Amino acid sequence: MKRFSYISIIILSVVTFLTSCKGEHVVPPFPKELANYFPYENNESFTFISEDNDTLTFIAGETYLSEDNTHKYSSSDFMFCSNQDLSTMYMDAIIDVNASSYPYCENNSLIIIAHMSTYYESDEFKDILSMNLDIDKDGINVIHYNNDFNCKPFEGNANLTIGDKAVLFEDGMADDSELKAEVEWNKGIISFNYDGKKWIAKNI
């Protein structure tokens, strides 16, 4: 009898899990105002200068903002039933070898990638905006900057909580790394550490 009850509880739990996934789950688009931390237009050039006057110039690609979408869950989708739906912003910029003075940046091998993301309905993540800046060389990530900001990304005023200037740390380790990058509202990336040098945005 106890064994039958135990099996019944297991079956009931599985059925409950499967049926709980039915229905629609709406995820809003990534907030456009937050994209102003990286306000670059497609094909726009932006330049950084090191302490010893080397230059790195990048050409921005098109900025991608995830659109609003609706997920329809059914019992057959139980493997993907989750309330942690991601809303994202993505932009990459490739090195302009004709405008950069740094000697080893040939063949457009240096890429800078800006990425922001937030979960919509997860109790654990919905009030956090993750801001990331990556530098890849020859297709390999050489440095990753990150910071997670406690704010309400979908309420239209997250930038007031984050502030005009956001500081990102290597691997998100604010206490363990001296390397950092800075971005500013309506200006974009204003500085970052790379290859033993600090690079500061020109005309900022």
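Not measured: the values here are computed from a predicted model.

This part takes up the environment of Ile128. Summarising the element assignment, Ile128 is placed in strand S8 (residues 128–137). Overall, the relative accessible area of 23% leaves Ile128 in the partly exposed class. Placed 30 residues apart in sequence, Ile128 and Ala158 show a C-alpha to C-alpha distance of 9.7 Å. Ignoring sequence-local partners within four residues, the contact set of Ile128 consists of Ser117, Thr118, Asp148, Phe149, Asn150, Cys151 and Pro153.

In terms of burial, S8 is largely enclosed, as eight of its ten residues are buried. Bridge analysis of strand S7 (residues 110–119) against S8 gives eight bridges, and the strand direction is antiparallel. Paired with Ser117 across the bridge in S8 is Ser130. In this structure, S8 lies alongside strand S9 (residues 140–150), joined through ten bridges in antiparallel fashion. Across the sheet, the residue bridging to Asp136 is Asn141, located in S9.

Our focus in this paragraph is the packing of aromatic side chains. Throughout the structure, instances matching the rule amount to seven aromatic pairs. A ring pair is formed by Tyr40 and Phe46, whose centres lie 4.1 Å apart and whose planes are at 20°; its orientation type is stacked. The same class applies to Tyr40 and to Phe46, which are both buried. Between Phe46 and Phe58, the ring centres sit 5.9 Å apart and the planes meet at 25°, which makes this aromatic pair stacked. In this pair, Phe46 is assigned in strand S2 (residues 45–50) and Phe58 in strand S3 (residues 55–60), connecting sequence segments twelve residues apart. Using a relative accessible area of 9% as the deciding quantity, one classes Phe46 as buried.

A few words now on the nonpolar core. In terms of nonpolar packing, the biggest core is built from 41 residues, with Phe38, Leu56, Met131, Ile189 and Phe192 touching the most fellow members. If near-sequence neighbours (up to four positions away) are discounted, Phe192 is found in contact with Phe48, Leu56, Ile112, Ile135, Tyr145, Lys180, Ala181, Lys197, Lys198 and Trp199.

If you walk through the whole model with that rule in mind, you get five salt bridges. Residue Asp54 is joined to Lys197 by a salt bridge in which the shortest nitrogen-to-oxygen separation is 2.6 Å. You can see Asp54 sitting in the loop between S2 and S3 and its partner Lys197 sitting in strand S13 (residues 197–201), a full 143 residues away along the chain. Of the two residues, Asp54 and Lys197, both sit in the buried class. Among the ionic pairs, Lys187 bridges to Glu184, the shortest N-O distance being 3.6 Å. Three or more residues joined by partner-sharing salt bridges are found here, namely Asp52, Asp54 and Lys197.

Residue-level pLDDT values for the protein chain average 81, and 75% of them are 70 or greater. Counting contacts from residues 8–20, a segment whose pLDDT is below 50, to residues more than four positions away or on other chains yields three contacts. Low pLDDT, under 50, characterises residues 73–80; the stretch is placed with 16 contacts to residues that sit more than four places away or in other chains.

This part is about unusual backbone geometry. One non-glycine residue, Asn43, lies in positive phi territory at about 75°. Within the secondary structure, Asn43 is located in the loop between strand S1 (23–27) and S2.

Attention now moves to the side chain of Ser87. With respect to the element layout, Ser87 can be found in strand S6 (residues 86–95). Relative accessible area serves as the criterion here: at 0%, Ser87 is assigned to the buried category.

The rules behind these values
Throughout this description, residue numbers start from 1 for each chain and increase along the sequence as written. Only residues with pLDDT of at least 70 are given local features in this predicted model, and only at 80 or more are side-chain atom pairs given and counted; all residues enter the totals for whole chains, interfaces and linings. Side-chain figures throughout are based on the complete set of non-hydrogen atoms in the structure, without hydrogens or water. Helix and strand assignments come from DSSP, with helices taken as H or I runs of at least 4 residues and strands as E runs of at least 2, each series counted from the N terminus. The rule is simple: take the accessible area with a 1.4 Å probe, protein chains only, and divide by the maximum for that residue type; under 20% is buried, over 50% is exposed, in between is partly exposed. It only takes one pair of heavy atoms within 4.5 Å for two residues to be counted as in contact. When DSSP finds two or more bridges between a pair of strands, those strands are recorded as paired. Geometry of aromatic contacts follows a simple scheme: Phe, Tyr and Trp rings, the Trp one being its six-membered ring, pair when their centres are within 6.5 Å, and the pair is stacked under 30 degrees between planes, edge-to-face over 60, tilted otherwise. By nonpolar core is meant a set of buried Ala, Val, Leu, Ile, Met, Phe, Trp, Tyr and Cys residues that side-chain atoms within 4.5 Å join together. By definition here, a salt bridge exists when the distance from a side-chain nitrogen of Lys or Arg to a carboxyl oxygen of Asp or Glu is within 4 Å. Each residue carries a pLDDT score, the predictor's own confidence in it, on a scale running from 0 to 100.

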